[in-house]
Protein chains: 2
Amino acid sequence: MSRTFLEREDVIPLLSEVFREHGYDGASLSAITAHTGLGKGSLYHFFPGGKKEMADAVLGEIENWFEESVFAPLRSETDIRHAVASMLSAVDSYFHSGGRICLVGAFALSNTRDQFALRIRHYFQAWTDTLSDSIERSGLDHSAARAIAEEYIGGIQGALLLARGLDDPLVFTRALHRLNARMNDIFRN
Amino acid sequence: MSRTFLEREDVIPLLSEVFREHGYDGASLSAITAHTGLGKGSLYHFFPGGKKEMADAVLGEIENWFEESVFAPLRSETDIRHAVASMLSAVDSYFHSGGRICLVGAFALSNTRDQFALRIRHYFQAWTDTLSDSIERSGLDHSAARAIAEEYIGGIQGALLLARGLDDPLVFTRALHRLNARMNDIFRN
DNA sequence: GTCTATAGAGTGATAGAC
DNA sequence: GTCTATCACTCTATAGAC
């Protein structure tokens, strides 16, 4: 009998897929056991808090990925146009060019929102604040920078939603191109 | 026995509130009976198809509202800047200045999406097509008009999502102001 | 009697917790 | 695997209007 020693961290990406596909309520424990290959016993061993803790772990991993792959580069890159282009490129690959939804966004619009309100707010706040700071460092005043940051994050989330609603991922691709071009309009040298 | 003469149509706005508050899965029959004041007998009398039919009725009423209050005015107004300003004003009041989510958008990102995919797609298609046609009539070519329409609908949906995620309705108000100003930038005489 | 509207006990299925 | 709670839904009973 071959044992695979799955760690807690190995399970999280699988959980992420299940929640993305079924939503929080729709991800039944049986769907989770089916997709992870773990029995309920193992799941409750890794996540004593049950489904809530599983979703929290997934949201935490998403936070970490964005911190590392989006926020940190935004902070260190000095040319705002490069910074934004890199961000959009990272976002494009993360969301599979519009074929994958934003789990945090989906949670924000769902009935589970209250349960995860803090994590959701933190995600969007970190993103808008980091982008806004980056824009401000390029010479715009605070409220103008904040407005552009909101336009970008809202534009990305709205494009993901619209792509999903229209069942056409190209909507997302087009939105990213517009957002990229827009930064060159704002900062033309 | 005292009769209250509730009609099917009177129930739909109440259902709309319940679905908006709890989502589709989260809106349990007991929550629905509590909020509508109707027993299961009455509900199944009005909606023999059960919860699915209740949600369909709500989505249908939303469609009708937008057709009447947003799409029709877009078609008849010739000045695109007035048309867009009127649309944004209607949208602002419909979504309670960012305090209310778009049920269709929420469904689009939820696990119930597949069940209502047709209605969801129709809603977003009707909106983007109507707006795009309106812009095209003002002199832009087809793909440019379509891009702007997607920017607007995506911007509205994204701003609603972001306002919800950040728990700050002003995010939505600011987005509407930007979108209104943007049309004046595009069509400056 | 017939029709419409109502309430709610009871059904089997399935949920998440453990 | 077992547990209890809750789910959507069915069905019976009952009310008044005509």
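The model shown is predicted, which means the values in this text are computed figures rather than measured ones.

> Hey, could you run me through the pattern of salt bridges in this one?
Two side chains bearing opposite charge may form a pair once their charged atoms approach each other closely. Residue and element names in this part refer to chain A. Going through the model one piece at a time under the given rule, you end up with 29 salt bridges over all chains. A salt bridge links Asp56 to Lys52; the nearest nitrogen and oxygen atoms lie 2.8 Å apart. Of the two residues, Asp56 and Lys52 both sit in helix H4 (residues 51-76), four residues apart, roughly one turn of that helix. Across the pair Asp168 and Arg174 runs a salt bridge whose closest N-O atoms are separated by 3.8 Å.

> Is there a simple way to think about the relation of the copies chain B and chain A in this case?
Copies of the same chain, two in number, are related to each other by a rotation about an axis and a translation along it. Mapping chain B onto chain A calls for a screw motion: a turn of 180 degrees about the axis and a shift of 0.0 Å along it, with 0.1 Å RMSD after fitting. On this basis, the relationship between the two copies can be described by a two-fold rotation axis. Of every C-alpha in chain B, the one belonging to Gly158 of chain B sits nearest the axis of rotation, 1.8 Å from it. Interface residue correspondence from chain B to chain A reaches 97%, placing this contact among same-surface, isologous pairings.

> Help me understand the side chain of Thr128 of chain A in this model?
Its location among the elements puts Thr128 of chain A in helix H7 (residues 117-136). Relative accessible area serves as the criterion here: at 0%, Thr128 of chain A is assigned to the buried category. Separated by 3.2 Å, the side chain of Thr128 of chain A and the backbone oxygen of Gln125 of chain A make a polar contact. Discounting chain neighbours no more than four positions away, the residues touching Thr128 of chain A are Arg146, Ala149 and Ile153 of chain A together with Leu162 of chain B.

> It is not clear to me how the protein's contact with DNA strand C should be interpreted in this structure. Could you clarify?
Inspection of the region around DNA strand C gives 18 residues, with Leu29, Tyr44 and Lys51 of chain A together with Gly39 and His45 of chain B positioned closest. In this structure, a phosphate oxygen belonging to DNA strand C sits 2.6 Å away from a side-chain N or O atom of Lys51 of chain A. Within the side chain of Ser42 of chain B, one N or O atom sits 3.1 Å away from a sugar or linking oxygen of DNA strand C. For the surface near DNA strand C, the secondary structure elements donating two or more residues are helix H2 (29-36) and helix H3 (40-46) of chain A together with helix H3 (40-46) of chain B. It is H3 of chain B that contributes the most residues to the surface near DNA strand C, five residues altogether. Taken together, the residues that form the surface near DNA strand C break down as five nonpolar, nine polar and four charged.

> Hey, could you run me through the interface of chain B and chain A in this one?
Note: interface size is frequently given as the accessible area lost on complex formation between the parts. Every contact between the two is made by 35 residues of chain B and, on the other side, 34 residues of chain A. Across the chain B to chain A interface the summed buried area is about 3,100 Å²; carbon plus sulfur atoms make up 62%. When the area that chain B buries against chain A is broken down by residue, the three leading residues are Leu109, Leu161 and Arg178 of chain B, summing to 20%. Here chain B is connected to chain A by seven salt bridges. In this structure, the connection of chain B to chain A is made through ten residue pairs in polar contact (both at pLDDT 80 or more). Secondary structure elements with two or more residues in the side of chain B that touches chain A: helix H1 (8-26), helix H6 (103-108), helix H7 (117-137), helix H8 (142-166) and helix H9 (170-186) of chain B. Taken together, the residues that form the side of chain B that touches chain A break down as twelve nonpolar, eleven polar and twelve charged.

> Any chance you could explain the nonpolar core here in plain terms?
Grouped burial of nonpolar side chains is what soluble globular proteins tend to show. Among the nonpolar cores identified, the biggest contains 133 residues, and Ile156 of chain A together with Ile156 of chain B are the most heavily contacted of them. Those residues in contact with Ile156 of chain A that sit more than four places away from it in its chain are Met87, Leu88, Val91, Phe95, Trp127, Phe172, Leu176 and Leu179 of chain A.

> Would you mind showing me how to read helix H9 (residues 170-186) of chain A here?
Residue pairs spaced three or four apart in an α-helix point in one direction, given the helix's 3.6 residues per turn. In this model, H9 of chain A (17 residues) spans 24 Å end to end at C-alpha, consistent with the 24 Å of a helix rising 1.5 Å per residue. Taken as a whole, H9 of chain A has its buried residues at Val171, Phe172, Ala175, Leu176, Leu179 and Met183 of chain A. Looking straight down H9 of chain A, one finds that the buried residues subtend no more than 135 degrees of arc, so they occupy a single side. Residues of H9 of chain A that are buried sit in contact with helix H5 (80-94), H7 and helix H8 (142-166) of chain A together with H8 of chain B.

> I would appreciate a short explanation of the environment of Ser86 of chain B in the present structure.
Residue and element names in this part refer to chain B. With respect to the secondary-structure elements, Ser86 resides in helix H5 (residues 80-94). The class of Ser86 is partly exposed, set by a relative accessible area of 42%. Along the backbone, Ser86 and Ile186 are 100 residues apart, and their C-alpha atoms lie at a distance of 17 Å.

> Can you walk me through the packing of aromatic side chains in this structure?
How two aromatic rings sit relative to each other is set out by the distance from centre to centre and by the angle between their planes. Tallied over the entire structure, the rule returns 32 aromatic pairs over all chains. Consider the rings of Phe66 of chain B and Phe71 of chain B, whose centres lie 6.2 Å apart with planes at 40 degrees: the pair is tilted. A connected cluster of aromatic rings, assembled from ring pairs, spans Trp65, Phe66, Phe71, Tyr94, Phe95, Tyr123, Phe124, Trp127 and Phe172 of chain A. Here the basic side chain of Lys51 of chain A rests over the ring of Tyr24 of chain A, its NZ or CZ set 4.8 Å away from the ring centre. Between Arg100 of chain B and the ring centre of Tyr94 of chain B, over which it is positioned, the NZ or CZ distance is 4.8 Å.

> What am I meant to see in a negative patch on the surface here?
Negative charge collects at one region of the surface, where Glu7, Glu9, Asp10 and Glu61 of chain A lie side by side. In this structure, Asp10 of chain A sits in helix H1 (residues 8-26).

> In this structure, what is going on with the side chain of Thr130 of chain A? I would like to understand it.
Residue and element names in this part refer to chain A. Relative to the helices and strands, Thr130 is located in helix H7. Classification of Thr130 by relative accessible area gives buried; the value is 8%. One polar contact links the side chain of Thr130 to the main-chain carbonyl oxygen of Ala126, over a distance of 2.5 Å. Setting aside residues up to four positions removed in sequence, Thr130 forms contacts with Phe71, Leu74 and Arg75.

What counts, and at which threshold
- All chains use their own residue numbering, which begins from 1 and follows the written sequence.
- By the order in which they are written, chains take letters starting at A while ligands take numbers starting at 1.
- Whole-chain, interface and lining totals are the exception, using all residues; otherwise, since this is a predicted model, local features are given only for residues with pLDDT of at least 70 and side-chain atom pairs are given and counted only at 80 or more.
- Side-chain measures here rest on the full set of heavy atoms in the structure, leaving out hydrogens and waters.
- What counts as a salt bridge is simple: a side-chain nitrogen of Lys or Arg found within 4 Å of a carboxyl oxygen of Asp or Glu.
- For helices the rule is a DSSP run of H or I covering at least 4 residues; for strands it is a run of E covering at least 2, with both sets numbered from the N terminus onward.
- A residue counts toward the fit only if its pLDDT is at least 70 in both copies, and the copies are then superposed by least squares on the C-alpha atoms of those residues.
- The criterion used for residue contact is that any of the two residues' heavy atoms lie within 4.5 Å.
- Think of it in three bands: with a 1.4 Å probe and only protein chains considered, a residue is buried below 20% of the maximum accessible area for its type, exposed above 50%, and partly exposed in between.
- Any pair of N or O atoms that falls within 3.5 Å is considered a polar contact. Within protein, one atom must be able to donate a hydrogen and the other to accept it, and sequence-neighbouring residues count only if both atoms are side-chain atoms.
- The near set for a molecule or strand comprises every residue that places at least one heavy atom within 4 Å of it.
- Amino acids outside the nonpolar list (Ala, Val, Leu, Ile, Met, Phe, Trp, Tyr, Cys, Pro) and the charged list (Asp, Glu, Lys, Arg) are all regarded as polar, and Gly is one of them.
- Two parts placed together each lose some accessible area under a 1.4 Å probe, and adding up what both lose gives the buried area.
- In plain words, nonpolar cores are sets of buried Ala, Val, Leu, Ile, Met, Phe, Trp, Tyr and Cys residues tied together by side-chain atoms within 4.5 Å.
- Each residue after the first adds 1.5 Å to the expected span of a helix.
- Note that the arc is computed from the directions linking the helix axis to the C-beta atoms.
- Pairing of aromatic side chains here covers Phe, Tyr and the six-membered ring of Trp, requires ring centres within 6.5 Å, and sorts the geometry by plane angle: under 30 degrees stacked, over 60 edge-to-face, intermediate tilted.
- We call a charge positioned over a ring when the NZ of a Lys or the CZ of an Arg lies within 6 Å of the ring centre and within 35 degrees of the ring normal.
- Exposure above 30% relative accessible area and the lack of any salt bridge qualify a residue for a patch; like charges then connect within 9 Å, and the nonpolar side chains Val, Leu, Ile, Met, Phe, Trp and Tyr within 5 Å.
- Areas reported as accessible are Shrake-Rupley estimates using a 1.4 Å probe. Residue values count occlusion only from the protein chains shown.
- Asp and Glu are treated as the negative residues and Lys and Arg as the positive ones, with His and the ends of the chain left uncounted.
- By convention, the point assigned to a charge is CZ for Arg, NZ for Lys, CD for Glu and CG for Asp.

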